[in-house]
Amino acid sequence: MTTPVGLLLSVFASTAAAFALWKLICIVHHELRSPLRHLRGPKGTSFIYGSILDICMAEDCRLQQQWVKDYGKTLRYKGPFLTNRLFTVDTCAINHVLHSSDYQKPSYIRYGAAQLLGEGLLFVEGVQHRQQRRILNPAFGPAEIRALTGIFLSKAIRLCDVWSSEIVNNAATNTTGARIDVVPWLSRMTLDVIGLAGFHYNVDALNANEKPSELNEVYATIIENQQFSLLVALQAWVPLFRLVPGDQLRRAQISQRTMTRIGKELLASAKATVRACATDKREIEKSSLHGRDLFTLLVKANMATDIPDGQRLSDGDVLAQVPTFLVAGHETTSAAVTWALYAMALAPEIQTKLREELISVRTDTPSMDDLMALPYLDAMVRETLRLYAPLPNSARVATKDDVIPLEQPFTDKRGVVHHGIRIRKGDQVLIPILAMNTSEELWGDDAHEFNDRRPERWDNVPEAVSRIPGLVESLANFPRRAQVMYCISVSPSSTYFLRGDPTKKPQLPLLLKPYQRG
């Protein structure tokens, strides 16, 4: 006799099998009609993953650059279940895709973003995305970021003090300095920064002796939950599998509930602050509040009396920005500073030149204007964001049939020359950010080098690059550059010698030792 549980499992298995068959038929039908099948490109190394794991596991973007050498600037590669996807480094094509609203983030990326960041700016598309951008933009202007630079400075100095204490404590056993794993410390410091600058919330992650704050614990859970598994991949690609319970999904749901509760408290506090700054007529002006955290500035912009009701964000949309600010703002900055220190550890001459420029500043508490006036520091930060892009790749999916224009025509495997790329609705396009950032055609023969000898690279950015949204903008992003500049300017790059471990592959921890001014 069949038990209720057995019957339920049987029904689920039958439904899953039917859905899988229907999905397979849809994939085969789409692939048989997709013009991408005629493009030249590499074979997939796995039926399930295609070339996806090869891209993820490859060192830097060398695999993609080898594809360009073998097949040209426009090609197709294999996605999951050997589906055809478009890869191109043609600047005209990428410009078209990134400028058009007909290309959106694929559903599996949006699902992954929602699990990690919630349904904030990085999740939504179309009209909702434009609405959120319109409200968010005022909080990220240069003046608003400058007003927060005191937070960047204080937390960078606090990190420097922590490392100095580590060196003093290590002096009895090692007179040459202290070997410190800088990665977790940089993560704590940038988490403290985004806590105060983003929400006026004291995370206090740099204080290792105290119990972690609730926001700190939630963030740690979110990061730990990023581990890859086949079930997670299937849940992203096949919605039916989202019904299957898993530890990662359960932890994500718990974290999101906690984040929502904290977000509601932050939202109530921000609204109270904004209302306190209202005029006698209870009007809220965009210029009435400065120097507060980004979240309060966002709430103020959303509550401004000169904004039509139809353009306001709901409380749910505002709350969705909390994990977006926290994770996206923290991870990219932490990674950028880590790579900058790594580059300096490999090149002492870079340290020397940067240190000399920083010592020329006549204050220990430089303003953002002081740092922006340092050309070598600015060039170094830009080089870091170029060579070690926080996001190496992105992707878009066509929402309707299209023809993507090209700067350079390509020849397909039938020998036919094309001056545009025919795309069908549902075809996916890879945006190879790191490959573009290290393209010798765009940046010169030293594109793969962290080249401190060419700060003029940033005086005359290649015209082809400047036309592509998301490349130069990410390299010149003011909020991120502001944080990175402060972290580098008062970190051991100006106070200590940094040295990697020459006996192994590039390593962090780093050896830090005091630098004495002559």
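Residues numbered from 1 in each chain as written. Predicted model: local features only at pLDDT ≥ 70, side-chain atom pairs only at ≥ 80, totals over all residues. Heavy atoms only, no water.

To continue, consider the packing of helix 12 (residues 247–276) against helix 13 (residues 294–303). For the pair helix 12 and helix 13, the least separation of the axes is 9 Å and the interaxial angle reads 60°. Here helix 12 is positioned oblique relative to helix 13, judged by the angle of their axes. As for how helix 12 packs across helix 13, the hand of that crossing is right-handed. Taking contact as the criterion, the partners of Leu-266, Leu-267, Ala-270, Lys-271, Thr-273, Val-274 and Arg-275 in helix 12 are, on helix 13, Phe-295, Thr-296, Val-299, Lys-300 and Met-303. In terms of residue class, the contact of helix 12 with helix 13 is made up of seven nonpolar, two polar and three charged. (Axes fitted to C-alpha atoms, helices over the stretch in contact; angles between N-to-C directions. Helix = DSSP H or I, 4+ residues; strand = E, 2+ residues; numbered from the N terminus. Parallel < 35°, antiparallel > 145°, perpendicular 65-115°, else oblique. Left-handed = near helix turned anticlockwise from the far one by under 90°. Contact = heavy atoms within 4.5 Å. Nonpolar A, V, L, I, M, F, W, Y, C, P; charged D, E, K, R; others polar.)

Attention shifts here to the sheet that holds strand 8 (residues 428–431). Taken in spatial order, the five strands of this open sheet run 1-2-8-5-3, and their pairing is mixed. Among the strands making up the open sheet, the edge pair consists of strand 1 (74–78) and strand 3 (103–104). By the bridge criterion, four bridges tie strand 5 (residues 394–398) to strand 8 in an arrangement that is antiparallel. Each bridged residue has a counterpart across the sheet, and for Ala-395 the counterpart in strand 8 is Leu-430. Together, strand 1, strand 2 (84–88) and strand 8 form the strand contacts of helix 3 (residues 62–71), whose direction differs from that of strand 1 by roughly 125°. Helix 4 (residues 91–99) contacts strand 2, strand 3, strand 5 and strand 8 of the sheet and is inclined by roughly 115° relative to strand 8. (Pairing = 2+ DSSP bridges.)

It is worth spelling out the nonpolar core at this point. Of all hydrophobic cores here, the largest spans 77 residues; its most connected members are Trp-163, Leu-186, Phe-199, Phe-295, Val-299 and Leu-326. Of all the elements, helix 15 (residues 321–346) adds the most residues to this core, at twelve residues. With residues up to four places along the chain from it excluded, the contact list for Leu-186 reads Leu-159, Trp-163, Ser-334, Val-337, Thr-338 and Leu-341. Of all hydrophobic cores here, the second largest spans 36 residues; its members include Val-89, Ala-389, Ala-398 and Leu-442. (Core = buried A, V, L, I, M, F, W, Y, C linked by side-chain atoms within 4.5 Å. Buried < 20%, exposed > 50% of the residue type's maximum accessible area, 1.4 Å probe, protein only.)

Turning to the pattern of salt bridges, a few remarks are in order. If you walk through the whole model with that rule in mind, you get eleven salt bridges. Notably, a salt bridge pairs Lys-271 with Asp-315, separated by 3.1 Å at the nearest N-O pair. Of this pair, Lys-271 sits in helix 12 while Asp-315 sits in helix 14 (residues 315–319), placing them 44 residues apart in sequence. A relative accessible area of 39% places Asp-315 in the partly exposed class. Asp-412 serves as the salt-bridge partner of Arg-414, at 3.0 Å between the closest nitrogen and oxygen. The class for Asp-412 is buried, based on a relative accessible area of 4%. (Salt bridge = Lys/Arg side-chain N within 4 Å of Asp/Glu carboxyl O.)

Overall, the coordinates contain seven aromatic pairs when judged by the stated rule. Judged by centre distance (5.8 Å) and plane angle (70°), the rings of Phe-47 and Phe-81 are edge-to-face. Here the residue Phe-47 occupies a position in the loop between helix 1 (4–33) and helix 2 (52–57), and Phe-81 occupies one in the loop between strand 1 and strand 2, the gap between them amounting to 34 residues. Its relative accessible area of 52% is what places Phe-47 among the exposed residues. Relative to Tyr-388, the ring of Trp-339 has its centre 4.4 Å away and its plane inclined at 5°; by these criteria the two rings are stacked. Pair noted here: Trp-339 is in helix 15 and Tyr-388 is in the loop between helix 18 (375–387) and strand 5, with a separation of 49 residues, a long-range link. Accessibility expressed as a relative area gives 37% for Trp-339, which makes it partly exposed. Judged by relative accessible area, Tyr-388 falls into the buried class, the value being 18%. Of the aromatic side chains, those joined through ring pairs into one cluster are Trp-67, Tyr-77 and Phe-87. (Phe/Tyr/Trp six-rings, centres within 6.5 Å; stacked < 30°, edge-to-face > 60°.)

Shape is all these values report; function is a separate question.
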